[in-house]
Structure formats: C-alpha cells, structure tokens
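# Observations on the three-dimensional arrangement
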Amino acid sequence: MFEGEKSPAGGATLIIITGMSGAGKTIAVQSLEDLGFFCVDNLPPVLIPKFAELIVQSNGKIGKVALVIDLRGREFFTALSESLNYIKDQFTIHCEIMFLDAQDSVLVQRYKESRRRHPLAPEGMPLDGIRLERKMLEELKNSATQVLDTSSMKPAQLKEKIISRFSHLESHMLSVNVTSFGFKYGIPIDADLVFDVRFLPNPHYIEHLRPNTGQNSDVYEYVMKWPETQAFLTKLLDMLHFLIPQYRKEGKSQVIIGIGCTGGKHRSVAIAEYLGKMLGASETESVVVSHRDADRDRGNH
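- If you look the protein up in an unreviewed UniProt entry, it shows as RNase adapter RapZ from Paenibacillus polygoni.

## Some details on the sheet that holds strand E1 (residues 13-19)
- In spatial order, the strands read E2-E3-E1-E4-E5; together these 5 strands make up an open sheet with parallel pairing. Each of the sheet's edge strands pairs with one partner strand only, and the pair in question is strand E2 (38-40) and strand E5 (146-149). This sheet shows a mean twist of 20° between the axes of neighbouring strands, independent of strand direction.
- As paired strands, E2 and strand E3 (residues 64-68) are joined by 3 bridges and run parallel to one another.

## Topic: the packing of aromatic side chains
- A complete count under the given rule lists 3 aromatic pairs for this structure.
- On the basis of an interplanar angle of 75° and a centroid distance of 5.4 Å, the ring pair of Phe 199 and Phe 232 is categorised as edge-to-face. One end of the pair, Phe 199, is in the loop between strand E7 (193-196) and helix H8 (217-224); the other, Phe 232, is in helix H9 (residues 227-250), and 33 residues separate them in sequence.
- Ring geometry for Tyr 222 versus Trp 226: centroids 5.5 Å apart, planes at 80°, classification edge-to-face.
- Under the relative-accessibility criterion, Tyr 222 is labelled buried at 15%.
- By relative accessible area, Trp 226 is classed as partly exposed at 25%.

## Here we look at the packing of H8 against helix H10 (residues 267-280)
- The interhelical angle for the contact between H8 and H10, taken along N-to-C directions, is 85°, at an axis separation of 9 Å. What the angle tells us is that H8 and H10 run roughly perpendicular. From H8, Tyr 220, Val 223 and Met 224 reach across to H10, where they touch Arg 267, Ala 270, Ile 271, Glu 273, Tyr 274 and Lys 277.
- Taken together, the residues of the contact of H8 with H10 break down into 6 nonpolar, no polar and 3 charged.

## Considering the pairing of strand E6 (residues 174-182)
- Counted residue by residue, E6 has 9 buried out of 9 residues, so it is predominantly covered.
- Of the two faces of E6, both are covered, the one formed by Leu 174, Val 176, Val 178, Ser 180 and Gly 182 as well as the one formed by Ser 175, Asn 177, Thr 179 and Phe 181.
- Relative to strand E8 (residues 254-261), E6 runs parallel, the two being bridged by 8 bridges. When the sheet's bridge partners are listed, Asn 177 is paired in E8 with Ile 256.

## Describing the nonpolar core
- Residues Ile 16, Ile 17, Leu 32, Ile 48 and Leu 67 are the most contacted members of the largest nonpolar core, which totals 49 residues.
- Here this core gets 5 residues from one element, more than from any other, and that element is helix H2 (residues 48-57).
- Aside from chain neighbours lying at most four places away, what touches Leu 32 is Ile 15, Ile 17, Phe 37, Cys 39, Ala 66, Ile 162 and Phe 166.
- Leu 174, Phe 195, Tyr 247 and Leu 279 belong to the second-largest nonpolar core, a separate cluster that totals 31 residues.

What counts and what doesn't
- Within every chain, residues take consecutive numbers counted from 1 along the sequence as written.
- Only residues with pLDDT of at least 70 get local features here, since the model is predicted, and only at 80 or more are side-chain atom pairs given and counted; chain-wide, interface and lining totals rely on the full set of residues.
- Here the side-chain values reflect all heavy atoms present in the structure, with hydrogen atoms and water set aside.
- Two strands form a pair only when DSSP identifies at least two bridges running between them.
- Helix numbering and strand numbering both begin at the N terminus, where a helix is a DSSP run of H or I of at least 4 residues and a strand a DSSP run of E of at least 2.
- Each axis is a line fitted through C-alpha atoms, taken for helices only over the stretch in contact, and angles between the N-to-C directions span 0 to 180 degrees.
- Two rings belonging to Phe, Tyr or Trp (six-membered ring only in the last case) form a pair when the distance between their centres is within 6.5 Å. Interplanar angles under 30 degrees mark stacking, angles over 60 mark edge-to-face geometry, and anything in between is tilted.
- Relative accessibility decides the category of a residue: with a 1.4 Å probe and only protein chains considered, values under 20% of the type maximum give buried, values over 50% give exposed, and everything between is partly exposed.
- Angle categories: roughly parallel below 35 degrees, roughly antiparallel above 145, roughly perpendicular from 65 to 115, and oblique for all the rest.
- When checking whether two residues touch, look at their non-hydrogen atoms; a contact exists if any pair is within 4.5 Å.
- Residues are sorted three ways: Asp, Glu, Lys and Arg are charged, Ala, Val, Leu, Ile, Met, Phe, Trp, Tyr, Cys and Pro are nonpolar, and all the rest, Gly among them, are polar.
- Buried Ala, Val, Leu, Ile, Met, Phe, Trp, Tyr and Cys residues that are joined via side-chain atoms within 4.5 Å together make up what is termed a nonpolar core.

Here it is in structure tokens:
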C-alpha cells in the first residue's frame, strides 16, 4: 500500500456502542448480533484500530462490526477519538458512534431493580455515579452520530428500534424513522427534525373519537379533513423531499422525524402514519413509523 493510500474494506461498517451505564448497551449489542454483526463487548478504545485491520484482512468475510466501549478512565475519550481518526485516515470503513442515554431518574430505578452498583459509585448512591459519568461523557455524546433515549423503552422496543436503524445496511437505503410523540412527555432527544401539529383541530374533544388513536380510521379522517392539515402536509412533504436527498448526499444513514401533539395519541399519530405512507412510496428510502406515546393511558391527545 502506497503512503497516503487507504486500505479498502468493501463498504464495511463499524458501530461503536457507548453511553450511560444502564441505558441498554447489552440489548443494543444483542440486537446487532441478530443482524449479523461481529460484536465485542468492553473493548479498550486503543484496540479499535486492530479491529479495523481485521476487517480489511478478512477480505469481505467480516463486513459489519459492533464494539461496546465503556467508560474506564480519563483517557477514554482521547483514546477513542484518536482511534477513530486513525481509521478514517487509513481505511475506507464507515464508522458510527451510537450513544445510549436515559433520564437520571430512570437510570437510578434500573439500578435499584437490578441491585447492581454504578461503576463510578461502588460505595455511594447511584445518582452520584450517574452525574459524574454524564459529565465525563458529555463530549463523547456531542460527537455521536446517533443518540438514543431509552427512558421510555422496554427492552423489546429498544431492540426493534436498533434493528430498524441498521437493517437498511443490506440495501444501502437511507433509513427514515417517523415517530409521533406527546409534548407533555418531552421531545425525543434523538430526533433530527421536530414538527409541532398542535395547531390542528383536536379529536380529543370529540367524545366518540377520544378513546382511539390516530391509527383509527375515524380519527385519521377527522385529522385529515381540514384545509389547514392538507396545506401543512403539502408544505411539509415538499420540504422533506428536498431535505432527505441532501442528508443522503451528506452521508447520513438515518433521519428521525418527530411529529408532536399534546399527548401523542391523535393528531401526531395520524400525521406520522400519513408521512410514513407517502415517504415509503419511494424506492430510495427505508421508512419505519413508530408511536412513542400513543398507548399511554392518561387521556392523551
């Protein structure tokens, strides 16, 4: 290999799984194993280049690798950054950093349920370790190509999200995830684009529609029948048809579009379903529709 020439890796992919302790890294690596990734847990960042060399030397036999990197000390971020920069300079391997996060209160509850001790607070309260870890990982989180908030996810939901996120690698399509949510429960922290549809007429105030979600045909038709809905969708689709190719051109492999109403049950669900159908009609994207808050039994709207 000549100086300055990159080693070919046949379109290989390297996923770095990291994030807060207790946020779901074990589930993430198991999900990627199901997709055929070669996975290694608790790998020191300084060894990452060795795996890049392994990918190249395999001559295409190892094309998808996932490495779980946990916080082990102050040199963590520096070593990881140096390793990834080395790979970028030396190999044609697509690298991503998936950062798993969750609210502090959720992480504390998970530690209580598992009766495990936080690695940074072995003798103290879990919250002390969580706050310290969050501070130490702040720079890494800002450098991540994807941040997944697992606060409201069950293990099966996290697995489904990761599979939908990376299954497109086989088809080389841009993965578009359209998710509805309720503003009263917070904005999804992993969303690339967020649109507020609370200005639309609300089915919550129609008695026979209130118990159902936007996936119900009557609720869906109610949301869709208004002129302001159609005007909004025309403008939104026009913008998305412009933006998505630009994201693909820039090298993004996933776009997460958040559609929010008050409770995430009616308007946002209907709009997300519509966008999923319209964007899914394209043969150049892989589209997944999900509804984060539609099943919350609190009178959502």
